[in-house]
Amino acid sequence: MFYPYNRAKFLDYWFEYHIPLVKKHNIKIIISDNHSTDDTKEKVQQYMNIYPLIEYYCNEENLGPDRNIERALKYAKTDYVWLMGDTYVIDEKGIDYVLDLIIKSNNKYDAIITNSFDRVKGIEERDYLDQNELLSDLGWHVTMLSVNIFNSKIIFTGNYSRYYETNFLHIGILFEYISNKNFKVHFIKNNLIKYIGEVMNIKEIKKQSYWARDPFKVWTNDWTNFIFSLPSTYKIETKLKVIMDHGNKSGLFSFIGLLSLRLNNHLNYKTYKDYSHLFKFTIKYPKFILLLLSIFPEIILNVIKKILFKV
């Protein structure tokens, strides 16, 4: 399952990489195009002639990430769906690994979560049976869309409308589904998801995450509200932990991350005023440090960054 938006310039790389992997097992590639305005459709049609198990759908208008993810998931009619973002690829051994895992489990997993870039450290490959433990360990990690593999049971019973406009619909339907029933979710320690630019040596392509235009809105306001909106069966201490975990463990709100956000003008005095009431939930540093960063001269911060990165 692949859902691009205006990424025609590297679809050649994406298809040329994945078609040999999926062809081995006759796996469908289903594309939900979120109303691209470039030549995505023409590019996809070229590869539909090469690999007939490609299905292409294009939205009549841009639906935003949440509703497009819902459509992408529901187009599939298979037992499992690997939901892929448009700047990532599956490791060349990843599909074989997951299929072998599913067969050995006798199709018992409600979801499978894989590691990527060694983001998850200190957790061995395992099954999760406790909802709070899963949220505590991996809630921050599953924000990365492409690490999630869903059983169709979640897809066709998910309460999608509850999570519209949250920016985290795919996490919402997972954690709501497992909140009131016995379940089994498997974590794969291996890094089965990689960045396409590194794998294909494409220097001109940069990751363009949906949240990049307004990271503080998404990762202080939206993320906090979303986690608190999860069912009451999740403990408040678990929710508070996972809210803080994302900024810390992803590096977004590490000191270096905050420095980069300041240098890109995402962190400024206006940002501080708008979101400082949420910093206690999302950022481990005291507010006065955020205030100082927000008003600190960029020319000096650039010098500090060069020293830290030794460039």
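Everything here concerns the structure above.
Everything quoted here is computed from the prediction, not taken from an experiment.

Colleague: Explain the pairing of strand β5 (residues 111–116) to me, please; I cannot follow it from the model alone.
Modeller: Remember that side chains alternate between the two faces of the sheet whenever the strand is regular. Counting buried residues in β5 gives 6 out of 6 residues, a clear majority hidden from the surface. Side chains of β5 alternate between two faces, with Ala 111, Ile 113 and Asn 115 and Ile 112, Thr 114 and Ser 116 buried alike. Summarising the sheet, β5 and strand β7 (residues 148–151) pair through 3 bridges and their orientation is antiparallel. Counterpart to Ile 112 in the pairing with β7 is Ile 149. Inspection of the sheet shows β5 paired to strand β8 (residues 185–195) by 6 bridges, in the parallel sense. Bridging across to β8, Thr 114 finds its partner in Ile 188.

Colleague: Help me out: how do you make sense of the pairing of strand β1 (residues 29–33) in this one?
Modeller: Of all 5 residues making up β1, 5 are buried, and the element is well covered by its neighbours. A two-sided burial pattern is seen for β1, the buried positions comprising Ile 29, Ile 31 and Asp 33 on one face and Ile 30 and Ser 32 on the other. Since β1 and strand β2 (residues 54–58) lie parallel, the crossover through helix α2 (residues 40–48) that links them has a hand, and here it is right-handed.

Colleague: Looking at this model, I keep getting lost on the nonpolar core. Mind explaining?
Modeller: The nonpolar side chains of a soluble globular protein tend to be buried with one another. Counting 94 residues, the largest nonpolar core has Phe 15 and Phe 175 as the members making the most contacts within it. Among the elements that take part in this core, helix α1 (residues 11–23) stands out by supplying 7 residues, more than any other. Look past the residues within four positions of Phe 175 in its chain and what remains in contact with it is Leu 134, Leu 135, Gly 139, Val 142, Leu 230 and Tyr 234.

Colleague: Mind showing me how you'd approach the side chain of Thr 220 here?
Modeller: Here Thr 220 shows up in helix α9 (residues 215–229). Judged by its relative accessible area of 0%, Thr 220 is buried. Side-chain polar atoms of Thr 220 contact the backbone oxygen of Phe 216, separated by 2.2 Å. Residues in contact with Thr 220, not counting those within four places in the same chain, are Pro 215, Phe 253, Tyr 275, Leu 278, Phe 279 and Thr 282.

Colleague: Teacher, can you tell me more about the packing of α1 against α2 here?
Modeller: The relative placement of two packed helices comes down to the angle between their axes together with the axis-to-axis distance. Where α1 meets α2, the axes come as close as 10 Å, and the angle between the chain directions of the two elements is 25°. Accordingly, the angle class assigned to the pair α1 and α2 is roughly parallel. Crossing of α1 against α2: the hand is right-handed. Contact with α1, carried on its side by Leu 11, Asp 12, Phe 15, Glu 16 and Ile 19, involves Thr 40, Lys 43, Val 44 and Tyr 47 of α2 and no other residues of that element. Classifying every residue of the contact of α1 with α2 by side-chain character gives 5 nonpolar, 1 polar and 3 charged.

Colleague: Mind showing me how you'd approach the side chain of Ser 294 here?
Modeller: Looking at the secondary structure, you find Ser 294 in helix α14 (residues 287–295). Owing to a relative accessible area of 3%, Ser 294 belongs among the buried residues under this scheme. Here Leu 291 takes part through its backbone oxygen, which lies 2.6 Å from a polar atom of the side chain of Ser 294.

Colleague: Explain helix α7 (residues 169–177) to me, please; I cannot follow it from the model alone.
Modeller: Helical geometry: 3.6 residues make up each α-helical turn, so side chains three or four residues apart lie on a common side. Taken across its 9 residues, α7 has 9 buried, putting it largely inside the fold. Regarding α7, the residues found buried are Leu 169, His 170, Ile 171, Gly 172, Ile 173, Leu 174, Phe 175, Glu 176 and Tyr 177. Where α7 is buried, its residues touch α3 (64–75), β5, α5 (131–138), β7, α6 (152–155) and α9.

Reading the values: rules and limits
Residues numbered from 1 in each chain as written. Predicted model: local features only at pLDDT ≥ 70, side-chain atom pairs only at ≥ 80, totals over all residues. Heavy atoms only, no water. Buried < 20%, exposed > 50% of the residue type's maximum accessible area, 1.4 Å probe, protein only. Helix = DSSP H or I, 4+ residues; strand = E, 2+ residues; numbered from the N terminus. Pairing = 2+ DSSP bridges. Right-handed = clockwise from strand over helix to strand, strands pointing away. Core = buried A, V, L, I, M, F, W, Y, C linked by side-chain atoms within 4.5 Å. Contact = heavy atoms within 4.5 Å. Polar contact = N/O pair within 3.5 Å; in protein donor to acceptor, adjacent residues only side chain to side chain. Axes fitted to C-alpha atoms, helices over the stretch in contact; angles between N-to-C directions. Parallel < 35°, antiparallel > 145°, perpendicular 65-115°, else oblique. Left-handed = near helix turned anticlockwise from the far one by under 90°. Nonpolar A, V, L, I, M, F, W, Y, C, P; charged D, E, K, R; others polar.

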